[in-house]
Amino acid sequence: MASVTYDHVWKRFGDVVAVQDLTLAIEDKEFLVLVGPSGCGKTTALRCLAGLEEITDGKVMIGDQVVNDVAPKDRDIAMVFQSYALYPHMSVYDNMAFGLKLRKFDKADIDRRVKEAAQTLGIETLLKRKPKELSGGQRQRVAVGRAIVREPKVFLFDEPLSNLDAKLRVQTRAELSKLHKRLETTFIYVTHDQTEAMTMATRIAVMNKGKLQQLDTPQVLYDHPANLFVAGFIGSPAMNFFNGKVIMEEGKMFVDMGSFRVRIPDHYITRYESVVGKDIIFGIRPEDIHNPEYAAPGIVAEPVDVTVDVTELMGNEIFLYLVNGNHNFIARVDPRTHTQYGAKMRVVFNMDNIHIFDPSLDAENPPVVI
């Protein structure tokens, strides 16, 4: 068990910067998820920690030891890849034991470790089978088991659930969360799926274009995104964005989107007075746009007239794709809502949960939240 530190780490492939000045401290026993779109540098950052990529600049530390020049086999880590990478001619038992045999562990110790790991993962009845006789979920558990028997300081997971179907992904997510609590070891997990990140992580590091955008707990990232990229990446469906302008009229503050405007609650006036008269980006999540008939009592509700473009019935909720002027946006509404394509209706925005981004604060990075 150990902490992990990236200290101003850079990784370049020729002229391409894959990881840019990454500074990140991962606590002992933490479940940290690196999340971002394909090509954002998250897997490269993981491979730098594993020793599979040589860093260009900076330091990587496991515990108090700088491991820049330490061979991968000596870093006391175990990695689970997207591909299961099981030996097809070996049994499950031998696949799990293979690394320990190479390190010349005692046979009794190997047997104990393999059987304990198999019991932890619920695959003790599969130990005599070959990989071809296993389902995708079972193969993934064998790959995790092969890592567990090493009893490393740090577990690294590189998109391990990508090859599983939707139901198995949900099931295996829960298994990995329980496994982390049981082993009390540092987990670092890479994924492009923000749902995986939100459901499993102690903290999430959001990356884009090689840069760390924000590091915090899942709920803080959802409630208080640092910039437009994080706001749009965390949450499903993604946050709605509108180009608008903040204006004051007779002591009241509004965001004018052209074809409609909404009033900002008075208790937000002080926060947003610095952008009065400026072009801004207004953000609101689909779950904060309601059918007024079923809106929660006590919210600050601003009405907006819309035309229904598409309806998606999800059973426990309905996704409405709405149009107002040249604005297209999504609402997650109560399943009792009755509407159809082309219908005119009124929705309400929950103005307690709005986000305003000022593009002028940072021209290089995504617009910053105020």
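Residues numbered from 1 in each chain as written. Predicted model: local features only at pLDDT ≥ 70, side-chain atom pairs only at ≥ 80, totals over all residues. Heavy atoms only, no water.

Here's the deal with the nonpolar core
- Counting residues in each nonpolar core, the largest one holds 45 residues, and the members touching the most others are Met96, Val114, Val144, Phe157, Leu176, Tyr189 and Val206.
- When sequence neighbours within four positions are dropped, the list of residues in contact with Val114 reads Tyr93, Met96, Ala97, Leu127 and Val149.
- Within the second largest apolar cluster, 32 residues are counted, among which are Val246, Met257, Val306 and Met351. (Core = buried A, V, L, I, M, F, W, Y, C linked by side-chain atoms within 4.5 Å. Buried < 20%, exposed > 50% of the residue type's maximum accessible area, 1.4 Å probe, protein only. Contact = heavy atoms within 4.5 Å.)

So, the pattern of salt bridges
- If you walk through the whole model with that rule in mind, you get 20 salt bridges.
- A salt bridge links Asp7 to Lys59, with the nearest nitrogen and oxygen atoms 3.9 Å apart. Here Asp7 is found in strand 1 (residues 4-13), whereas its partner Lys59 is found in strand 4 (residues 57-62), with 52 residues between them in sequence.
- For Asp7, a relative accessible area of 26% translates into the label partly exposed.
- Note that Arg113 and Asp109 form a salt bridge whose closest N and O atoms lie 3.5 Å from each other. Highlighted residues: Arg113 and Asp109, both in helix 3 (residues 107-121), separated by four residues, approximately one helical turn. Here Arg113 and Asp109 have matching classes, each one buried. (Salt bridge = Lys/Arg side-chain N within 4 Å of Asp/Glu carboxyl O. Helix = DSSP H or I, 4+ residues; strand = E, 2+ residues; numbered from the N terminus.)

Focus: the sheet that holds strand 15 (residues 289-290)
- Spatial ordering of the open sheet is given by 15-19-16-17-18, a layout of five strands whose pairing is antiparallel. The strands lining the two open edges of the sheet, one partner per strand, are strand 15 and strand 18 (327-333).
- By the bridge criterion, six bridges tie strand 16 (residues 301-313) to strand 17 (residues 318-324) in an arrangement that is antiparallel. Bridge pairing in strand 17 places Thr311 opposite Leu320. (Pairing = 2+ DSSP bridges.)

Some remarks on the sheet that holds strand 4
- Strand order in the open sheet made by the four strands is 2-1-4-5, with antiparallel pairing throughout. Across the chains shown, the open sheet's two edge strands, defined by having one partner strand only, are strand 2 (16-26) and strand 5 (65-66).
- Relative to strand 2, strand 1 runs antiparallel, the two being bridged by seven bridges. Residue Lys11 lies in a different strand from strand 2, and its bridge partner there is Val19.
- With respect to the sheet, helix 1 (residues 42-50) is in contact with strand 1, strand 2 and strand 4, its orientation differing from that of strand 1 by roughly 115°. (Axes fitted to C-alpha atoms, helices over the stretch in contact; angles between N-to-C directions.)

Comments concerning the packing of aromatic side chains
- Scanning the model with the defined rule gives 17 aromatic pairs in all.
- Ring geometry for Phe157 and Phe187: centres 5.1 Å apart, planes at 45°, overall tilted. Of this pair, Phe157 sits in strand 7 (residues 154-158) while Phe187 sits in strand 8 (residues 186-191); the two residues are 30 residues apart in sequence, bridging distant segments of the chain. The exposure classification of Phe157 matches that of Phe187, with both residues buried.
- Considering the side-chain rings of Phe229 and Phe233, the 5.7 Å spacing of their centres and the 20° angle between planes classify their relative orientation as stacked. Placement of the pair is Phe229 and Phe233 together in helix 8 (residues 228-233), with a separation of four residues, close to one helical turn.
- We classify Phe229 as buried; its relative accessible area is 18%.
- Of the aromatic side chains, those joined through ring pairs into one cluster are Phe31, Phe155, Phe157, Phe187 and Tyr189.
- Lying over the aromatic face of Phe13, Lys11 brings its terminal NZ or CZ to 4.8 Å of the ring centre.
- The ring of Tyr222 carries the charged tip of Arg285 above its face, separated from the ring centre by 4.2 Å. (Phe/Tyr/Trp six-rings, centres within 6.5 Å; stacked < 30°, edge-to-face > 60°. Lys NZ or Arg CZ within 6 Å of the ring centre and 35° of its normal.)

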